[in-house]
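Here is what each chain is made of, one letter per residue.
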Amino acid sequence: ANELGFTFVSRESNIIKLSIKNFLDGTDEVRKFEVLQKFDFTSARQRSSIIVKDLISNQIKLYLKGSDTKIFSSIDAFSIDSLIGKTKEHVDSFARRGLRTLCYSFKILDMKNYEEWEKKYNELKYKSINDKSLYPQLEEMISEIESEATLLGVTALEDKLQDEVKEDLQKFILGRERSLGMTP
């Protein structure tokens with residue numbers, strides 16, 4: 001993000017400050033965003049998201065990151081028609097090199113629709129404190145707000161947390177390609 005001109009400045013309570021570079025004139029602008037909701041990554045969700053309000057434009061935006069399958073299943077028609085093909089090529093290329101990938105998407109939320117959704121979500125979240133059977137409904141509401149997002153792309157990194165992950169992934173992919181008759 002820093003290479004693309006987005007630098008984290010600070011976080012105070014639910015306000016995040018970012019420095020955003022204008023590459024046309026070389027200036028930096030510090031923008032403030034209020035964190036409205038944050039949905040953490042879990043192995044079941046295979047994604048995480050955050051909903052923020054730009055305190056200058058007052059736009060509410062959702063940013064989503066996660067596995068390719070989860071992100072691809074939640075994107076809008078434009079992304080399916082214009083972006084997913086090349087992104088899948090990048091995901092496959094990174095995976096063949098043993099890199100771990102994360103896909104990203106975003107969407108701008110209508111203020112009125114968001115406020116209605118948030119009210120229902122908070123009511124259900126409060127009720128779920130005493131009734132764990134409501135968790136699936138909570139997850140459904142989160143999935144609903146995360147749907148129809150615009151695909152931004154994919155990043156890849158070498159997994160340094162576990163030994164031999166890169167080599168194991170390469171062996172797995174090579175074996176898969178051989179079983180499909182894709183390699184000599």
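Whatever comes next refers back to the structure up there.
This structure is a prediction, so every number in the text was calculated from the model and none was measured.

The rules we used
Residues numbered from 1 in each chain as written. Predicted model: local features only at pLDDT ≥ 70, side-chain atom pairs only at ≥ 80, totals over all residues. Heavy atoms only, no water. Salt bridge = Lys/Arg side-chain N within 4 Å of Asp/Glu carboxyl O. Helix = DSSP H or I, 4+ residues; strand = E, 2+ residues; numbered from the N terminus. Buried < 20%, exposed > 50% of the residue type's maximum accessible area, 1.4 Å probe, protein only. Expected span 1.5 Å × (residues − 1). Arc of directions from axis to C-beta. Contact = heavy atoms within 4.5 Å. Polar contact = N/O pair within 3.5 Å; in protein donor to acceptor, adjacent residues only side chain to side chain. Pairing = 2+ DSSP bridges.

A.B. asks: In this structure, what is going on with the pattern of salt bridges? I would like to understand it.
C.D. replies: Side chains that differ in charge, positive against negative, can pair when their charged atoms come close. The tally for this structure, following the rule as stated, stands at ten salt bridges. One salt bridge in this structure joins E139 and R47, with 3.0 Å as the shortest N-O distance. With E139 in helix 5 (residues 135-146) and R47 in strand 4 (residues 47-54), the pair connects residues that are 92 residues apart, well separated along the chain. For E89, the salt bridge identified is with K86, shortest N-O distance 3.3 Å. Of this pair, E89 and K86 both sit in helix 3 (residues 84-96), three residues apart, roughly one helical turn. Judged by its relative accessible area of 46%, E89 is partly exposed. Because the salt bridges share partners, they merge into one network encompassing R45, R47, E139 and E146.

A.B. asks: Explain helix 4 (residues 111-128) here, please?
C.D. replies: Every α-helix carries 3.6 residues per turn, so stepping three or four residues along brings you back to the same face. Taking 1.5 Å per residue as the helical rise, helix 4 with its 18 residues ought to reach 26 Å, and the 25 Å between its terminal C-alpha atoms agrees with that figure. Taken as a whole, helix 4 has its buried residues at Y114, W117, Y121, L124 and S128. Angular distribution of buried residues about the axis of helix 4 spans 100 degrees; they occupy a single face of the element. Exposed side chains of helix 4 directed beyond 90 degrees from the buried face belong to K112, K119, Y126 and K127. In the core, the buried residues of helix 4 are packed alongside strand 3 (28-39), strand 4, strand 5 (60-66), strand 6 (100-109) and helix 5. Among the residues of helix 4, the N-terminal cap falls to D110, whose side-chain oxygen and the backbone nitrogen of K112 are separated by 3.2 Å.

A.B. asks: Could you clarify how one ought to interpret the environment of T7 in this entry?
C.D. replies: Structurally, T7 can be placed in strand 1 (residues 6-12). What makes T7 partly exposed here is its relative accessible area of 32%. Taking C-alpha positions, T7 is 8.4 Å from K21, a pair spaced 14 residues apart along the chain. Ignoring any residue separated from it by four or fewer positions in sequence, one finds T7 in contact with N2, K17, L18 and S19.

A.B. asks: When you look at the pairing of strand 1 in this model, what are you seeing that I'm missing?
C.D. replies: If a strand is regular, its side chains alternate between the two faces of the sheet. In this sheet, strand 2 (residues 15-21) lies alongside strand 1 in antiparallel orientation, the contact comprising six bridges. In the strand pairing of strand 2, T7 is matched with S19. Adjacent in sequence and paired antiparallel, strand 1 and strand 2 are bridged by two residues, among which S13 carries a positive phi angle near 55 degrees.

A.B. asks: For this particular structure, what's the right way to read the side chain of S19?
C.D. replies: Inspection of the secondary structure assignment puts S19 in strand 2. By relative accessible area, S19 is classed as buried at 13%. Not counting residues within four places of it along the chain, the set of residues in contact with S19 comprises G5, F6, T7, V9, D28, E29 and V30.

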